[in-house]
Amino acid sequence: MGKLKVYYGWSRIGNVRKKRALSIMFENDAQGCRSDRGQRCLRTIQDTVIERYQTDEEMADGKRQNRIFTEYSLFIDEKPINGSLERCLLINREADKNNVSKDMSERISEALRNAFLFSNPEYKEPYSQLELKFE
């Protein structure tokens, strides 16, 4: 079996999904995921921005699944993210730190940031009360 992929993107809002979220889709089976039906399913779920190959540990987890995709979502407008794009990307980077190189992690974050800002041009980072400025 070949290498499996991980797809990073932003969830599509529609009749089923009502909240903005960072969507990370893991392939569990290359034959089903890369077929026309699998790719059509992926396009209805998310707007894919960037993809990478899974590590051996991630592939081992995928072999135990009975679905062709496994999805993890980080909802932007819920706790602990509270509408902050940078916090969302930081949480994703922390989750990937054992499986992704630092260079690849930066490329993923930059691609996700650019795609989000392109589709949400009016976005402004919310004010954080945790920042203290001493002079």
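This text follows the structure it describes.
Criteria and cut-off values
Residues numbered from 1 in each chain as written. Predicted model: local features only at pLDDT ≥ 70, side-chain atom pairs only at ≥ 80, totals over all residues. Heavy atoms only, no water. Phe/Tyr/Trp six-rings, centres within 6.5 Å; stacked < 30°, edge-to-face > 60°. Helix = DSSP H or I, 4+ residues; strand = E, 2+ residues; numbered from the N terminus. Contact = heavy atoms within 4.5 Å. Axes fitted to C-alpha atoms, helices over the stretch in contact; angles between N-to-C directions. Parallel < 35°, antiparallel > 145°, perpendicular 65-115°, else oblique. Left-handed = near helix turned anticlockwise from the far one by under 90°. Nonpolar A, V, L, I, M, F, W, Y, C, P; charged D, E, K, R; others polar.

Visitor: So what exactly am I meant to see when it comes to the packing of aromatic side chains here?
Guide: Aromatic ring pairs are reported here in terms of the distance separating the ring centres and the angle at which the planes meet. Enumeration over the complete set of coordinates arrives at 4 aromatic pairs. Connected via pairs of aromatic rings, a cluster forms that spans Trp-10, Phe-116 and Tyr-123.

Visitor: How do you make sense of the environment of Asn-92 when you look at a structure like this?
Guide: Positionally, Asn-92 belongs in helix H4 (residues 85-96). Between the C-alpha atoms of Asn-92 and Arg-37, which are 55 residues apart in sequence, the distance is 28 Å. Those residues in contact with Asn-92, other than ones at most four positions away along the chain, are Tyr-8, Leu-22, Ile-24, Leu-74, Ile-108 and Leu-112.

Visitor: How do you make sense of the packing of H4 against helix H5 (residues 102-119) when you look at a structure like this?
Guide: Relative orientation and spacing of two packed helices are given, respectively, by the angle between their axes and the distance between those axes. With their axes 10 Å apart at the nearest point, H4 and H5 run at an angle of 150° to one another. One way to sum up the angle between H4 and H5 is to call them roughly antiparallel. H4 and H5 meet at a crossing whose hand is right-handed. Note on element contacts: H5 touches H4 through Ser-105, Glu-106, Ile-108, Ser-109, Leu-112, Arg-113, Phe-116 and Leu-117, opposite Leu-85, Glu-86, Leu-89, Asn-92 and Arg-93. Residue classes in the contact of H4 with H5 are distributed as 6 nonpolar, 3 polar and 4 charged.

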